[in-house]
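# Structural features, examined
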Amino acid sequence: MELGAARGPGQTGDHLAGVPVNAVIDTSERNKTIEELRRALDEHQFMLHYQPKVNSRDGRIVGVEALIRWNHPHRGVIYPAHFIPLLEECGLIIAVGSWVLKQAATDYRSWMHQGITPPRIAVNVSPQQLRHKDFIAELEGALRINNVGHAGLDIEITESVLMADLEDCIEKLASIRELGVRVAIDDFGTGYSSLRYLARLPVDTLKVDQSFISMVTESPNDLAIVSGIIVLAHGLNLDVVAEGVETAEQHKFLRLLRCDQMQGYLFSKPIAKAMMEQILKSGANITAQAHVASDSQSNRTISEPEFCERRLAAQETWSPK
Ligand code: C2E
Ligand code: CA
Ligand code: CA
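So, here's what we can say about the structure. Source: prediction; values computed, not measured. (Residues numbered from 1 in each chain as written. Chains lettered and ligands numbered in written order. Predicted model: local features only at pLDDT ≥ 70, side-chain atom pairs only at ≥ 80, totals over all residues.)

Attention shifts here to unusual backbone geometry. Phi angles above zero are rare outside glycine, and Asp187 is one such case at about 55°. Mapped onto the fold, Asp187 is located in strand E8 (residues 183-188). Although it is not a glycine, Asn237 adopts a positive phi angle of roughly 65°. Inspection of the secondary structure assignment puts Asn237 in the loop between helix H10 (220-235) and strand E10 (239-242). (Helix = DSSP H or I, 4+ residues; strand = E, 2+ residues; numbered from the N terminus.)

Here it is in structure tokens:
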């Protein structure tokens, strides 16, 4: 709603019946967006993009992360930072989170039916979703969609959530892993993990937060932190994934530090299911595509749609290693 439209006749200045106008606008804007989000779910406007995680040594795709996008009928593609907080605030995250789980399982099954051996799909799980009493049952339901005797789905949970609700999480994560689902701690390094508790948490993987990776080649402190996290993880028998790897130099450093897996624009932006399918069908090593992710002439980062176009164009000349 426009600022002017919030003011009825006779109202001037910044207040409306004693309430700051901004608050009124925010509430009405907010309610409108919540209504749109509700409709988005009913009208199938959400979609999942997939970003590969690659093995650090050979660039093989060892997993993909499902990342939600909202294909808004007038505003185009909207990224999760602009709507996930509101979904959480209004509780719709539970329904949208269920949709994500089901859609990821459905996409996994569709890849299997096409004869692809799909990599495991990791789904981001919000704090509210994890706390919800029906979460494990829902996860089980999504796994049954696959009907293949193995899970295919993994979950990612941010570090701060796990540490805030530790005892409860230990029990829940143990049940989740019994389903064959692997658990990753997302944004690791930002959530004040208690190291003693980390050893007790039933998890499989640590994802080192992008903020450390972006500085790993420049800041000795960040290098020390990343190196320390990798040693700690391996000591606890956990895999390590570096998030947000953008440059060949970061890749080189992380390999030397023995980071197991990497994910980032250097390898691929998050891409639509159909494009992910093509890559999986070609069975190719993804490192060969690193040049597609940035514009080498202007050195600018390119958008997801542009990335997809370039990837398609490069597909013809792309031979697996
Ligand atoms: P996240 O789980 O930490 O996901 C990584 C984010 O970093 C993604 O942003 C991804 O597109 C972006 N990214 C990947 N590689 C690079 C890189 O090399 N450089 C940079 N600068 N960024 C990179 P995205 O897709 O906008 O998602 C943002 C956040 O929204 C996610 O952070 C996750 O917390 C949340 N999210 C996404 N999908 C879902 C979902 O289905 N459910 C829930 N609950 N949260 C989701
Ligand atoms: Ca994640
Ligand atoms: Ca993350």
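Okay, the site of ligand 1 next. The environment of ligand 1 is formed by 22 residues, the closest being Leu67, Pro80, Ser126, Gly264 and Tyr265. Counting residues per element, the ones that place at least two in the shell around ligand 1 are strand E4 (61-72), helix H3 (93-113) and E8. Here the residues of the shell around ligand 1 are counted per class, giving 10 nonpolar, 7 polar and 5 charged. (Near = placed C-beta within 6 Å. Nonpolar A, V, L, I, M, F, W, Y, C, P; charged D, E, K, R; others polar.)

The next subject is the environment of Gly141. For Gly141, the location among the structural elements is in helix H5 (residues 135-146). On a C-alpha basis, the gap between Gly141 and Ala105 in space is 9.6 Å, while along the polypeptide they are 36 residues apart.

Attention now moves to the nonpolar core. Core analysis: the biggest nonpolar cluster contains 68 residues, and Ala66, Ala104, Val123, Leu153, Val208 and Val240 have the highest contact counts within it. Per-element accounting of this core gives the leading share, 8 residues, to H3. When sequence neighbours within four positions are dropped, the list of residues in contact with Val240 reads Leu206, Val208, Ile229, Ile230, Ala233, Cys259 and Asp260. (Core = buried A, V, L, I, M, F, W, Y, C linked by C-beta atoms within 7 Å. Buried ≥ 20, exposed ≤ 12 C-beta atoms within 10 Å, placed from the backbone. Contact = placed C-beta atoms within 7 Å.)

Let's shift gears to the pairing of strand E7 (residues 153-158). Of all 6 residues making up E7, 6 are buried, and the element is well covered by its neighbours. Burial along E7 is two-sided: Leu153, Ile155 and Ile157 and Asp154, Glu156 and Thr158, pointing in opposite directions, are all buried. In terms of strand pairing, strand E6 (residues 120-124) meets E7 through 4 bridges, oriented parallel. When the bridges of E7 are listed, Asn124 appears paired with Glu156. Both E7 and E8 contribute to a ladder of 4 bridges, which runs parallel. (Pairing = 2+ DSSP bridges.)

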